Amino acid sequence: MDGKTPVTLLHEYLMKGGEVPDYKLVYNGVGTHDPLFQYEVSAKGMVAIGKGKSKKEAKHDAARCLLLKLKDDNALEQEVAVVSPYEHSLKENAVGQLQDFCTLHNTASPSYELIRDEGLAHAKVFGIRCRVSSFFTEAEARTKKQAKQQASHLMLLKLEKCLSEGDFIATPDSEKPENNDLINKACDVTKEAYNKVLLERTNDKISSCRLGTSMSNFSGQFLENVLPLSETLRTIADKDDSFFESYQDPEELLTTILTQLDYHHSYEFVQTRTETEFLCFLQIKELNCANFVGFSTSSNVARKSATVKALQFLSCMSKI
């Protein structure tokens with residue numbers, strides 16, 4: 001019987017005598033700030049009440065209490081270890097405490113990921129990973145809810161330690177002010193890489209043949225020779241910058257346009273001063289007059305930012 005929950009143990013024992021336990025929810029704490037539930041279970045003329053932070057926990061506690069009564073009454077034929085899966089669970093709401101901490105200190109909101117789901121139905125083990133910015137914690141428990149609580153508790157301890165030691169906790173990308181001086185924030189290696197990119201582009205035959213074209217002439221040539229080639233580009237010519245900033249998949253849109261134009265593009269990430277900052281260059285080979293730069297604490301956000309700027313440029317060039 002090792003590893004079985006109190007509910008399973010009680011059910012198996014009573015089934016031997018052709019009886020089943022009768023459970024009743026006697027107190028429902030839904031809607032309260034600190035919910036508490038109570039279950040009543042009766043069998044063999046005995047009644048026990050269990051409490052818990054969830055209905056399932058209260059039900060297990062009720063079954064555990066009744067099993068202990070049956071043991072004291074010598075009703076059980078053999079000694080069993082009655083251990084609830086909530087025996088070592090956290091009693092406080094660590095998930096809520098972590099959310100409050102993140103809100104107070106203006107950090108990224110916690111996110112959770114199920115990383116383990118193993119075991120038989122009566123002996124499940126769940127693993128949850130908690131992430132706040134660049135910090136991760138993991139915990140395992142008999143229920144997803146308790147694993148989440150444990151992971152949140154560990155994260156809260158980690159963040160409080162970082163805060164006390166003066167370590168930096170990154171704020172969400174959406175709350176960071178836009179950086180208009182990207183190159184100045186990059187390290188010397190970044191500047192060298194940027195200059196190398198420019199040198200390679202000016203040495204390219206396709207690009208160098210257009211270096212002498214003025215911006216006004218280029219605009220006219222673009223409207224006359226390029227715009228008619230892309231139906232998609234013509235449909236976004238009248239869109240403002242906010243349209244592209246809120247577009248769900250700007251990279252797919254850009255790829256569609258460049259494919260219609262038979263243009264070639266590539267992304268390149270270059271090193272910055274820290275491992276938590278990313279600088280992304282978007283190059284369109286046939287448009288040597290424009291480089292598009294994205295900068296963020298997330299590589300995906302930096303890449304998206306560069307893509308959005310390229311779309312904004314193409315839209316601007318397409319206005320008649």
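Residues numbered from 1 in each chain as written. Predicted model: local features only at pLDDT ≥ 70, side-chain atom pairs only at ≥ 80, totals over all residues. Heavy atoms only, no water.

Labelled according to an unreviewed UniProt entry, the chain appears under the name DRBM domain-containing protein, originating from Nezara viridula.

S.K.: Help me out: how do you make sense of the pairing of strand β4 (residues 111-118) in this one?
M.R.: Successive residues of a regular strand alternate their side chains across the two faces of the sheet. Alignment of β4 against strand β5 (residues 125-132), held across 7 bridges, turns out to be antiparallel. Within the sheet, the bridge partner assigned to Asp-117 lies in β5 and is Phe-126. Remark: 6 residues form the turn of the hairpin made by β4 and β5, two consecutive strands paired antiparallel; Gly-119 in that turn has positive phi of roughly 100 degrees. (Pairing = 2+ DSSP bridges. Helix = DSSP H or I, 4+ residues; strand = E, 2+ residues; numbered from the N terminus.)

S.K.: Looking at this structure, I do not really get unusual backbone geometry. What am I missing?
M.R.: Apart from glycine, the bulk of residues carry a negative phi angle, and the bulk of peptide bonds sit in the trans form. A positive phi is found at Lys-44, a non-glycine position, where the angle reads about 50 degrees. Here Lys-44 is to be found in the loop between β2 (37-43) and β3 (46-52). We note that Asp-262 has phi near 60 degrees; this positive angle belongs to a residue other than glycine. By secondary structure assignment, the location of Asp-262 is in the loop between α11 (250-261) and β7 (265-270). Its relative accessible area of 56% is what places Asp-262 among the exposed residues. (Buried < 20%, exposed > 50% of the residue type's maximum accessible area, 1.4 Å probe, protein only.)

S.K.: Even after reading the chapter, I still don't get the nonpolar core, so can you show me in this structure?
M.R.: The tendency in soluble globular proteins is for nonpolar side chains to be buried as a group. Within the largest apolar cluster, 25 residues are counted, with the highest numbers of intra-cluster contacts made by Leu-233, Leu-254, Ile-257, Tyr-263, Leu-282 and Leu-314. Broken down by secondary-structure element, the contributors of at least two residues to this core are α11, β8 (278-284) and α12 (299-317). Residue contributions to this core peak at 8 residues, all from α12. Every residue in contact with Leu-254, bar those within four places of it in the chain, is listed here: His-265, Tyr-267, Leu-282, Thr-307, Ala-310, Leu-311 and Leu-314. With 17 residues, the next largest nonpolar core counts Leu-10, Leu-14, Tyr-39 and Met-46 among its residues. (Core = buried A, V, L, I, M, F, W, Y, C linked by side-chain atoms within 4.5 Å. Contact = heavy atoms within 4.5 Å.)

S.K.: What is the right way to read the environment of Lys-148 from this model?
M.R.: Note that Lys-148 resides in helix α4 (residues 144-164). On a C-alpha basis, the gap between Lys-148 and Leu-114 in space is 9.0 Å, while along the polypeptide they are 34 residues apart. For Lys-148, the residues in contact, after removing those within four places along its chain, are Val-95, Tyr-112 and Ile-128.

S.K.: Sorry if this is basic, but what is going on with the sheet that holds β5 here?
M.R.: The strands making up a sheet are joined through hydrogen bonds of the backbone, oriented either antiparallel or parallel. As summarised here, the arrangement of the 3 strands in space is β4-β5-β6, forming an open sheet in which the pairing is antiparallel. The open sheet has two edge strands with one neighbour each: β4 and β6 (135-141). Across the sheet, the mean angle separating the axes of adjacent strands is 20 degrees when strand polarity is ignored. (Axes fitted to C-alpha atoms, helices over the stretch in contact; angles between N-to-C directions.)

S.K.: Help me understand a negative patch on the surface, please; the structure alone is not making it clear to me.
M.R.: A cluster of acidic residues, Asp-238, Asp-240, Asp-241 and Glu-245, forms a negative patch at the surface. With respect to the helices, strands and loops of the structure, Asp-241 is situated in helix α10 (residues 241-245). (Patch = residues over 30% accessible without salt bridge, like charges linked within 9 Å, V, L, I, M, F, W, Y side chains within 5 Å. Areas by Shrake-Rupley, 256 points an atom, 1.4 Å probe, with all protein chains shown as cover. Salt bridge = Lys/Arg side-chain N within 4 Å of Asp/Glu carboxyl O. Lys, Arg positive; Asp, Glu negative; His and termini not counted. Charge placed at Lys NZ, Arg CZ, Asp CG, Glu CD.)

S.K.: Got a minute to help me understand the side chain of Thr-232 in this structure?
M.R.: Structurally, Thr-232 can be placed in helix α9 (residues 231-235). Given the relative accessible area of 18%, Thr-232 is considered buried. Among residues more than four places away in sequence, those in contact with Thr-232 are Leu-253, Thr-256, Ile-257 and Gln-260.

S.K.: I keep staring at the confidence of the model for the chain and nothing clicks. Help me out?
M.R.: Interpreting fine coordinate detail is not advised for predicted regions of low pLDDT. Across the chain, the average pLDDT comes to 75, with 70% of residues at or above 70. Across residues 170-191, where pLDDT falls below 50, the model places 38 contacts with residues more than four positions away in sequence or in other chains. Considering only residues more than four positions removed or in separate chains, one finds that residues 204-213, a stretch of pLDDT under 50, has 14 contacts. (pLDDT = per-residue confidence, 0-100.)

S.K.: What is the right way to look at the pattern of salt bridges in this model?
M.R.: Side-chain pairs of opposite charge can arise where the charged atoms are in close proximity. Within this structure, the stated rule accounts for 7 salt bridges. As a salt-bridge pair, Arg-303 and Glu-251 come within 2.7 Å of each other at their nearest N and O atoms. Pair noted here: Arg-303 is in helix α12 and Glu-251 is in helix α11, with a separation of 52 residues, a long-range link. Connected via shared salt-bridge partners are Glu-113, Arg-129 and Glu-138.

S.K.: Is there a simple way to explain the packing of aromatic side chains in this structure?
M.R.: For any pair of aromatic rings, the description consists of the separation of the ring centres together with the inter-plane angle of the planes. Per the stated rule, a full pass over the model turns up 4 aromatic pairs. Judged by centre distance (6.5 Å) and plane angle (80 degrees), the ring pair of Tyr-23 and Tyr-39 falls under edge-to-face. Separated by 16 residues along the polypeptide, Tyr-23 in strand β1 (residues 22-27) and Tyr-39 in strand β2 bring together distant segments of the chain. Taken individually, Tyr-23 and Tyr-39 each receive the classification buried, so the pair is uniform in this respect. (Phe/Tyr/Trp six-rings, centres within 6.5 Å; stacked < 30°, edge-to-face > 60°.)

S.K.: Can you help me understand the pairing of β3 in this one?
M.R.: Burial of β3 is one-sided: the residues Met-46, Ala-48, Gly-50 and Gly-52 facing one way are buried, the residues Val-47, Ile-49 and Lys-51 facing the other way are not. With 7 bridges joining them, β2 and β3 adopt antiparallel strand pairing. In the sheet register, Gln-38 faces β3, and the bridge partner there is Lys-51. Hairpin connection of β2 to β3: 2 residues between the antiparallel strands, including Lys-44 at a positive phi of 50 degrees.

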